[in-house]
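Chains, contacts and geometry: an overview
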Amino acid sequence: MKKFLYFLGEAFSLLLKEPRLFLPKLLVAFLYGALMVFTASLLLKFYYLDFSSYASESIEAVQALAGDAFLLLAVSLAVLLVDVVTSAMYPVMVKEFRQGKKISFRRAFSFALQKFWVTVPAVLAYLLIFSIISFPFIFFFDLAVVSGNFSQLFFSLLGVVAVIFLTNVLFYFIYPVSTLEKGNFVSALFSTVKLGQKDLSMVSKAAVFPFIVSLANFAVAFLVENPAFLALFVFLRFLTALVYSYHLVLNPVIYFEGRI
C-alpha cells in the first residue's frame, strides 16, 4: 500500500508542476461526452420505436435510425483514434519530465503518430478481446431485456462490468508499452499482460477510479434532457478529464519505476 501511495504522490506532484497535462484529455473527454449523448439518444429512439406498425412513417423512422447508427459508428471510430493518439502522448511526456526536459505537446504528438501502427492495433486488439469475452454476457443481457427476466438482467450486466474491469487491469500498461517499447502490436499485447499480472493488487487499485467515473457518465447520459442531469453530466465529463489525466500520468509513473 505504501508503494501505491508513493506512486499516487509522484503522479500528483507531476500534474501540479505541469497542469497543462490536463488539456489533451479535457478535449477527448468532451468528445466522448457528445458521443455518449448521441448513443443514449439513439438507444432511446430504438427502444420507443413501434415495430408492430408497417406504416410508411415507421419505415422512414427505421431508415433514419439506420443512418444514425452508421454515423455513430463512423464518429465513434474517429473519436477512438483521437483518444488513442492523445493517450499515447502521455508516456512520452512523463518520460521527458523524468529526464528533466521541458514537456512538449508537439514532440509527444509527433512521437505518438510514429507509433500509430503499433499503438492503435494494440488497443483495437484489446477491445476485440474484451468484445469476445463479454459477448456471452451481452447476449444474455439482450435475452433478459426481451423476456423481462430482471435477475438474469442483473447478473449479465454484472458480468459485463466484471469483464470491463478485468480487461482494464490486464491491459493497464497498453499505452506505455506500445508507445515506448520496441516491437509490433502483438509483442506489445503480451508484454502488457505480463506486466499487468506482476502485481494485480496495485494495478487494480490504479484502474478502479477512471472505471467508476466512466460507468457513472454513461448512466447519466440517458438523462441529459433534464437540465439538472445535463449539468451533472457536464460536471462528470470535466471530472472524467481530470481523473483520466491523472490516470494517464500515474500509469507511466508506475511503468517507469519497474518495481510493481
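Here's a quick rundown of the structure. (Residues numbered from 1 in each chain as written. Predicted model: local features only at pLDDT ≥ 70, side-chain atom pairs only at ≥ 80, totals over all residues. Heavy atoms only, no water.)

**Things to note about the overall build of the chain**
Defined as follows: Helix and strand definitions here come from DSSP, where helices need a minimum of 4 consecutive H or I residues and strands a minimum of 2 consecutive E residues; each element is numbered from the N-terminal end. The buried label applies to any residue whose accessible area, calculated with a 1.4 Å probe on protein chains only, is under 20% of its type's maximum; exposed applies above 50%, and partly exposed to all values in between. The criterion used for residue contact is that any of the two residues' heavy atoms lie within 4.5 Å. The Shrake-Rupley method, run with a 1.4 Å probe sphere, supplies the accessible areas, and residue values consider only the shown protein chains as cover.
Secondary structure summary: the chain contains 10 helices and 0 strands in total. Starting at the N terminus and walking to the C terminus, you meet the elements of the chain as α-α-α-α-α-α-α-α-α-α. The 260 residues of the chain split such that 40% are buried. Across the chain, every contact between residues at least 6 apart in sequence was considered, and the portion connecting residues at least 24 apart equals 75%. Here the chain displays about 14,500 Å² of accessible surface, and carbon together with sulfur accounts for 73% of that area.

**Considering the pattern of salt bridges**
The cut-off we apply is this: One speaks of a salt bridge when a side-chain nitrogen belonging to Lys or Arg is within 4 Å of a carboxyl oxygen belonging to Asp or Glu.
Tallied over the entire structure, the rule returns 3 salt bridges. A salt bridge links glutamate 18 to arginine 20; its shortest N-O distance comes to 3.4 Å. The shortest N-O distance in the salt bridge between aspartate 83 and lysine 25 comes to 2.6 Å. With aspartate 83 in helix α3 (residues 56–98) and lysine 25 in helix α2 (residues 22–47), this pair connects stretches of sequence that are 58 residues apart. Relative accessible area serves as the criterion here: at 11%, aspartate 83 is assigned to the buried category. Since its relative accessible area comes to 5%, lysine 25 is described here as buried.

**Side note on helix α1 (residues 2–17)**
Think of an α-helix as turning once every 3.6 residues; residues three or four places apart then point the same way. To keep it simple, the criterion reads: One less than the residue count of a helix, multiplied by 1.5 Å, gives the span that helix is expected to have. Working note: the arc is built from the helix axis to C-beta atom directions.
Its 16 residues give α1 an end-to-end C-alpha distance of 23 Å, which sits within 8% of 22 Å, the value for a rise of 1.5 Å per residue. Looking at α1, one finds that the buried residues are Phe4, Phe7, Ala11, Leu14 and Leu15. Along the axis of α1, the buried residues cluster in a sector spanning 100°; they form a single face. Of the exposed residues in α1, the ones pointing more than 90 degrees away from its buried face are Lys2, Leu16 and Lys17.

**Side note on the packing of aromatic side chains**
The geometry of an aromatic ring pair is captured by two quantities: the separation of the ring centres and the angle between the planes. Our working rule: Aromatic rings from Phe, Tyr and Trp, taking only the six-membered ring of Trp, are treated as a pair when their centres fall within 6.5 Å; an angle between ring planes under 30 degrees marks them as stacked, one over 60 as edge-to-face, and anything in between as tilted. The rule is short: NZ of Lys or CZ of Arg within 6 Å of the ring centre and within 35 degrees of the ring normal puts a charge over the ring.
One pass over the full model with this rule turns up 9 aromatic pairs. On the numbers, 5.1 Å between centres and 45° between planes, the contact of tyrosine 126 with phenylalanine 171 is tilted. Of this pair, tyrosine 126 sits in helix α5 (residues 116–147) while phenylalanine 171 sits in the loop between α6 (150–170) and α7 (174–180), placing them 45 residues apart in sequence. The same class applies to tyrosine 126 as to phenylalanine 171, namely buried. Among the aromatic residues, those joined into a ring-pair cluster are Tyr172, Phe173, Tyr255 and Phe256. We note arginine 20 situated over the ring of phenylalanine 105; from NZ or CZ to the ring centre the distance is 5.2 Å.

**Examining the environment of phenylalanine 130**
On the secondary structure map, phenylalanine 130 appears in helix α5. Linking phenylalanine 130 and valine 163, residues 33 residues apart in sequence, is a C-alpha distance of 7.1 Å. Not counting the four nearest positions on each side in its chain, phenylalanine 130 is found in contact with Val160, Val163, Ile164 and Thr167.

**Digging into the side chain of serine 156**
Relative to the helices and strands, serine 156 resides in helix α6. Each residue touching serine 156, except ones within four places of it in the same chain, is listed here: Phe137, Phe140 and Phe141.

**Overview of the nonpolar core**
Let me state the cut-off plainly: As used here, the term nonpolar core means buried Ala, Val, Leu, Ile, Met, Phe, Trp, Tyr and Cys residues forming a set that is joined through side-chain atoms within 4.5 Å.
Ranked by internal contacts, the top residues of the largest apolar core, which has 45 residues, are Leu21, Tyr172, Phe173, Val249 and Ile254. It is α3 that contributes the most residues to this core, 9 residues altogether. Apart from residues no more than four positions distant in its own chain, leucine 21 is found in contact with Leu14, Leu15, Tyr90, Met93, Ile103, Phe105, Ser245 and Val249. One finds Leu42, Leu65, Leu72 and Val79 within the second-largest nonpolar core, a separate group that totals 5 residues.

**Points about the environment of valine 85**
With respect to the secondary-structure elements, valine 85 resides in helix α3. Of the residues examined, valine 85 reaches a relative accessible area of 10% and is grouped as buried. For the pair formed by valine 85 and threonine 119, sequence separation is 34 residues and the distance between their alpha carbons is 8.0 Å. The contacts of valine 85, once residues within four sequence positions are left out, are Phe109, Ala112, Leu113 and Phe116.

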